[in-house]
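Remarks on the overall topology
Below, each chain spelled out in residue letters.
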Amino acid sequence: MSDPVSSIRNLGPAFEQSCARAGIHSAQELRALGADEAYARILQAGVRPHFIGYYVLVMGLQGRPWNDCKGAEKKALRARFDKIKANATVAPDSQLAAELDAIGVRVSAADLKPQS
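Note that the coordinates shown come from a computational prediction; the quantities given were computed from them, not determined experimentally.

**Let's talk about the packing of helix 3 (residues 51-61) against helix 4 (residues 71-87)**
Their axes nearest at 10 Å, the elements helix 3 and helix 4 cross at an angle of 115°. Judged by the twist between their axes, the crossing of helix 3 over helix 4 is right-handed. On helix 4, the residues touching Phe 51, Tyr 54, Tyr 55, Val 58 and Met 59 of helix 3 are Glu 73, Lys 74, Leu 77, Arg 78, Arg 80, Phe 81 and Ile 84. Of the residues in the contact of helix 3 with helix 4, the class split is eight nonpolar, no polar and four charged.

Spelled out as structure tokens, the structure:
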């Protein structure tokens, strides 16, 4: 039997839902991926990036309180977060968006909504 993501210190039901959306369904899977890869997958699943969420994950995987991150360590984590965020690609919301993207026409979900 596997432990839920929320069994990791600092990580609650909302983070567990974000992990599930990214295909990460257990604490063991999350630990095996590590913070950076897991967070990249969470962003690719369409979850909005948030630095606090990232460093809470890092601290949790280290068994540390979420607010234990300070100074130079926090600066270094910010640099890692910015790199993960910059490299994240989000899957299109619809098949039409995917097809337009494939031919080089960039659209967002808002572009596909009917105008009122």
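**Description of the packing of aromatic side chains**
Tallying each qualifying case throughout the model produces five aromatic pairs. Relative to Phe 81, the ring of Tyr 39 lies with its centre 6.0 Å away and its plane at 55°, an arrangement referred to as tilted. Of this pair, Tyr 39 sits in helix 2 (residues 27-44) while Phe 81 sits in helix 4, and the two are 42 residues apart along the sequence. Taking relative accessible area as the criterion, Tyr 39 reaches 3% and is therefore assigned buried. A ring pair is formed by Tyr 54 and Phe 81, whose centres lie 5.9 Å apart and whose planes are at 40°; its orientation type is tilted. Here the residue Tyr 54 occupies a position in helix 3, and Phe 81 occupies one in helix 4, the gap between them amounting to 27 residues. Classification of Tyr 54 by relative accessible area gives buried; the value is 0%. Over the face of the ring belonging to Phe 51 we find Arg 78, whose NZ or CZ atom lies 4.3 Å from the ring centre.

Reading the values: the criteria
- Residues numbered from 1 in each chain as written.
- Predicted model: local features only at pLDDT ≥ 70, side-chain atom pairs only at ≥ 80, totals over all residues.
- Heavy atoms only, no water.
- Axes fitted to C-alpha atoms, helices over the stretch in contact; angles between N-to-C directions.
- Helix = DSSP H or I, 4+ residues; strand = E, 2+ residues; numbered from the N terminus.
- Left-handed = near helix turned anticlockwise from the far one by under 90°.
- Contact = heavy atoms within 4.5 Å.
- Nonpolar A, V, L, I, M, F, W, Y, C, P; charged D, E, K, R; others polar.
- Phe/Tyr/Trp six-rings, centres within 6.5 Å; stacked < 30°, edge-to-face > 60°.
- Buried < 20%, exposed > 50% of the residue type's maximum accessible area, 1.4 Å probe, protein only.
- Lys NZ or Arg CZ within 6 Å of the ring centre and 35° of its normal.

Function cannot be read off these values alone, since they describe shape.
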